[in-house]
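Architecture at a glance
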Amino acid sequence: MLGLYRRPFESVAALDEALIARWNARVAPTDEVWHLGDFALGKPAPAMAAILERLHGAKHLVAGNNDPPAARALAGWASVQPYAELTVDGLALVLCHYPFRSWNGMAKGAVDLHGHSHGRMKPLPRQLDVGVDAWDFVPIGIAEIRAAVVRRAPR
């Protein structure tokens, strides 16, 4: 991942520690977090479990292409699914690891949140890549999501 996406860390261990520290600086132990896939790529199950245990919040996984059965089976997830629809603070959200061309509620203002593209894909209106590569390696909250969607809304 370091070479593929030009992440500014000297090693995978440094990347892991930075991601954990940045997550915990933004997420309280009581927060609910939806991780949109590619959790702990290539790590053995005990290493994935150790990372997940260190992360604050109630963590839900919307699994992606790099989440093997061992990642999906970790005891630290509050839930695991391929897709979810939520309403948070009045904002309808469609969550999937993969970006959609169209999604449920699209014509009614629903927002498509995804990962997978690592900040390299031009989004449609009301679509947002919430992966860490697109957000300085930190998880983002509903306020940032709302602000980003409003900034990019068609006029």
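Everything numeric here is computed off the predicted structure, so don't read it as measured data.

1. Describing the packing of aromatic side chains
Per the stated rule, a full pass over the model turns up two aromatic pairs. Ring centres of Phe39 and Trp77 lie 5.1 Å apart, and the angle between their planes is 75°; this geometry places the pair in the edge-to-face category. A residue pair is termed long-range when its members are at least 10 positions apart, and Phe39 in the loop between strand E1 (32-35) and helix H2 (45-54) and Trp77 in strand E3 (residues 77-81) qualify at 38 residues. In this structure Phe39 comes out as buried when scored by relative accessible area, which is 5%. Residue classification places Trp77 among the buried residues on the basis of a relative accessible area of 9%.

2. Thoughts on the pairing of strand E6 (residues 111-114)
Burial of E6 is two-sided: the residues Val111 and Leu113 facing one way and the residues Asp112 and His114 facing the other way are all buried. Bridge count between strand E5 (residues 91-96) and E6: three bridges; the pairing is parallel. Its bridge partner being in E6, Leu95 is matched across the sheet by Leu113. The pairing of E6 with strand E7 (residues 127-129) spans three bridges and is parallel. Across the sheet, residue Leu113 finds its bridge partner in E7, namely Leu128.

3. Observations regarding helix H4 (residues 142-151)
Because each turn of an α-helix spans 3.6 residues, side chains separated by three or four positions in sequence point in the same direction. Looking at H4, one finds that the buried residues are Ile145, Ala148 and Val149. Seen along its axis, H4 keeps its buried residues to an arc of 95°; they face one direction. For H4, exposure combined with an orientation more than 90 degrees from the buried face picks out Ala143 and Arg151.

4. A closer look at the sheet that holds E3
Strand order in the open sheet made by the three strands is E1-E2-E3, with parallel pairing throughout. Single-partner strands in this sheet number two, and they are E1 and E3. Taken over all neighbouring pairs, the strand axes of this sheet differ in orientation by 15° on average, direction set aside. Sheet topology places E1 next to strand E2 (residues 58-62); four bridges connect them, and they run parallel. Note that in E2 the partner of Trp34 across the bridge is His60.

Scoring rules and cut-offs
Residues numbered from 1 in each chain as written. Predicted model: local features only at pLDDT ≥ 70, side-chain atom pairs only at ≥ 80, totals over all residues. Heavy atoms only, no water. Phe/Tyr/Trp six-rings, centres within 6.5 Å; stacked < 30°, edge-to-face > 60°. Helix = DSSP H or I, 4+ residues; strand = E, 2+ residues; numbered from the N terminus. Buried < 20%, exposed > 50% of the residue type's maximum accessible area, 1.4 Å probe, protein only. Pairing = 2+ DSSP bridges. Arc of directions from axis to C-beta. Axes fitted to C-alpha atoms, helices over the stretch in contact; angles between N-to-C directions.

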